[in-house]
Amino acid sequence: MPNSTEKHAPANFIRHMIDEDVSQNKWGGRFATRFPPEPNGYLHYGHAKSICLNFGLARDYGGQCHMRFDDTNPEKEEQEYVDAILDAVRWLGFDWGEHQFFASDYFDRLYALAEFLIQQGMAYVDSQTAEAMREHRGTHLIPGQNSPFRERSVVDNLDLFRRMKAGEFPDGAHVLRAKIDMASPNFNLRDPVLYRIRHAEHHRTGNLWCIYPLYDYTHCISDALERITHSICTLEFEDHRPLYDWVLDQLAPQLGWHPQQIEFARLNLTYVVLSKRKLIQLVESQAVDSWDDPRLPTLVGARRRGFTAAGFQLFTDRIGVSKADSWIDMSVLEECMREDLNLNAERRIAVLNPIKLIIDNYPENLQEDCFAPNHPLKPELGKRAIPLSKELWIEREDYMETPSKGFFRLYPGNRVRLRYAYVIECTHADYDANGQLLTVHAEYLPDTKSGTPGSDSVKVKGNIHWLPVKSVEACEVRLYDRLFSVPHPGTEQDFMLDINPHSKQIIQAWIEPALTGAQAEERFQFERHGYFVADRVDSHVGKPVFNRTVGLKDTWGKTHA
RNA sequence: AGGGGAGUCGCCAAGUGGUAAGGCAUCGGAUUUUGAUUCCGACAUUCGCAGGUUCGAUCCCUGCCUCCCCUGCCA
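Small disclaimer: the values here were computed from a predicted structure and weren't measured. (Residues numbered from 1 in each chain as written. Chains lettered and ligands numbered in written order. Predicted model: local features only at pLDDT ≥ 70, side-chain atom pairs only at ≥ 80, totals over all residues. Heavy atoms only, no water.)

Further remarks concern the packing of helix α1 (residues 13-23) against helix α2 (residues 45-60). Running from N to C, α1 and α2 point in directions that differ by 35°, and their axes come no closer than 12 Å. The two elements α1 and α2 cross, and the hand of that crossing is right-handed. Contact with α1, carried on its side by Ile14, Arg15 and Ile18, involves Leu53, Gly56, Leu57 and Asp60 of α2 and no other residues of that element. Among the residues forming the contact of α1 with α2, the class breakdown is four nonpolar, one polar and two charged. (Axes fitted to C-alpha atoms, helices over the stretch in contact; angles between N-to-C directions. Helix = DSSP H or I, 4+ residues; strand = E, 2+ residues; numbered from the N terminus. Left-handed = near helix turned anticlockwise from the far one by under 90°. Contact = heavy atoms within 4.5 Å. Nonpolar A, V, L, I, M, F, W, Y, C, P; charged D, E, K, R; others polar.)

The tally for this structure, following the rule as stated, stands at 26 aromatic pairs. Between Phe107 and Tyr212, the ring centres sit 5.8 Å apart and the planes meet at 75°, which makes this aromatic pair edge-to-face. Here Tyr212 lies in strand β7 (residues 211-213) and Phe107 lies in helix α4 (residues 107-119), a separation of 105 residues in the sequence. For the residue pair Phe107 and Tyr212, the accessibility class agrees, reading buried in each case. Between Tyr422 and Tyr444 the ring centres are 4.8 Å apart and the planes differ by 75°, which places this aromatic pair in the edge-to-face class. One end of the pair, Tyr422, is in the loop between β16 (415-418) and β17 (423-431); the other, Tyr444, is in strand β18 (residues 437-444), with 22 residues separating them in the sequence. Here Tyr422 matches Tyr444 in class, with each residue buried. Here the aromatic residues Phe107, Tyr111, Phe161, Tyr195, Trp209, Tyr212 and Tyr217 are joined through ring pairs into a cluster of three or more. A cation over an aromatic ring shows up here: Arg204 above the ring of Phe102, its NZ or CZ 3.5 Å from the ring centre. (Phe/Tyr/Trp six-rings, centres within 6.5 Å; stacked < 30°, edge-to-face > 60°. Buried < 20%, exposed > 50% of the residue type's maximum accessible area, 1.4 Å probe, protein only. Lys NZ or Arg CZ within 6 Å of the ring centre and 35° of its normal.)

Written as structure tokens, this is what we have:
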């Protein structure tokens with residue numbers, strides 16, 4: 001739940017419009033938005049922007065955001081998607097209370113209003129084929145032509161429309177059209193179709209209906225019925241607004257409510273694709289494992305990836321809302337997740353690419369507890385003991401036989417601190433016959449144990465993590481990276497060819513025992529690596545599987561990769 | 001071509017007739033037992049271009065350029 005310390009979202013043109021409305025008491029103190037997905041697919045990062053916007057405004061203006069499904073196309077929509085969408089919105093932290101609606105709940109009223117339009121001479125039944133309608137629609141240069149059925153009598157129209165509803169005609173035989181202006185420069189006003197015949201089973205109304213209303217007719221009326229004040233949608237609906245207003249103007253006596261449609265620029269993110277068509281292609285071609293693949297920019301994918309609701313909220317506030325087409329770099333989203341995770345994820349140790357380190361001057365059977373804080377920013381979260389002994393696992397990357405310029409970790413003759421333990425000095429390394437690194441050797445400095453007086457009398461630049469060979473657990477870790485290797489997939493070649501071949505790497509890692517009890521979806525920072533989450537599908541207490549959410553910022557690695 | 005939109009720092013984004021907020025990124029520097037975090041400092045004589053109005057224009061006017069959306073019985 002939001003609290004007063006939360007940073008208020010920055011000013012934007014929508015908030016200015018609302019402020020103006022409020023100052024003029026345009027809506028009589030009411031404030032209502034809605035999030036209106038079609039239940040025909042999974043929500044993605046772009047929807048998160050819309051969700052945070054609509055629910056965020058409702059929260060800040062003391063109103064309500066309705067959860068509404070735009071389910072007017074029976075052939076594409078399924079209950080499975082309804083459930084997944086609800087789940088995703090809830091996961092993002094929003095609560096719509098009792099305000100859950102379906103456009104299909106309004107089919108009766110929509111139908112009655114359509115009859116009213118017919119009676120007013122504002123709608124007619126057209127019996128042209130789809131092809132004929134297309135031909136008569138005209139082009140940018142040529143105005144459309146009236147349908148030969150445009151002047152049917154009200155009586156005939158009503159009769160036909162009722163018989164359409166009664167199921168007397170096959171799909172496509174007739175449609176109901178608004179009578180507006182076939183010569184309008186705005187195609188949406190060239191007598192748009194309001195209803196079509198579809199003998200298809202609807203996920204909620206079953207076979208009750210065989211005629212279904214279209215978006216332009218349904219959406220504005222749904223908004224009015226729910227007394228929405230601000231109907232916020234994306235830019236491509238901007239030239240639908242005259243139609244939105246036309247329908248509500250015709251129906252003003254019946255509805256008595258006319259929401260304001262406001263359009264904003266949809267999210268464009270680098271290194272991913274957000275179009276439904278492309279996401280489907282990625283899943284169906286098995287380029288990714290499933291709709292909740294952590295690499296996919298779906299919200300279910302984000303959740304498995306370990307992204308957080310707070311991170312999305314931060315992201316939404318950070319990128320703002322405007323009408324300018326813009327591209328947000330993926331690093332902005334990643335940084336928002338780091339920001340949240342840095343504050344909230346406990347620290348643990350994992351060695352992802354192990355090499356053995358032997359401390360030659362450390363007693364064979366000695367074992368000393370070293371204490372690692374669970375969160376450096378929150379000492380109240382306590383510490384845990386990690387037993388130090390002679391043989392340890394360290395990261396392969398922390399050793400270099402011949403160090404490159406600036407490298408200050410392990411190499412013969414150099415000293416580093418074993419995090420939370422002693423300073424050691426590297427002596428040499430063993431290699432096998434093929435020149436493969438086998439073991440790194442070092443000697444420890446007995447007076448330098450962390451936490452003991454004078455322990456930092458020996459200054460070192462490097463600080464590496466480690467795990468005792470004697471007490472580690474093996475664990476599957478999935479290293480996820482960006483799905484595409486170029487910022488704008490599909491510009492140079494087919495977007496499928498831009499897929500990053502290294503976007504998923506499965507490794508066996510050593511983890512500290514404290515990690516084996518991780519609960520599904522529990523998040524940690526693996527020190528010096530990044531943020532990881534126990535996979536909510538494959539992870540089990542006692543046998544966790546971790547997904548890398550995002551790496552730590554790495555200013556050295558970035559320039560020395 | 002007709003209609004609808006948009007162009008302010010590398011990326012977002014406020015602002016508005018009175019002389020360019022903020023965030024992110026970047027670059028310095030400090031702290032640091034995560035090459036992380038944190039902290040401090042630097043960072044648009046300029047608001048797509050060209051004219052005009054004005055004492056004064058990113059904001060008003062005119063013309064131009066560039067980009068996005070629109071001819072589903074999808075949403």
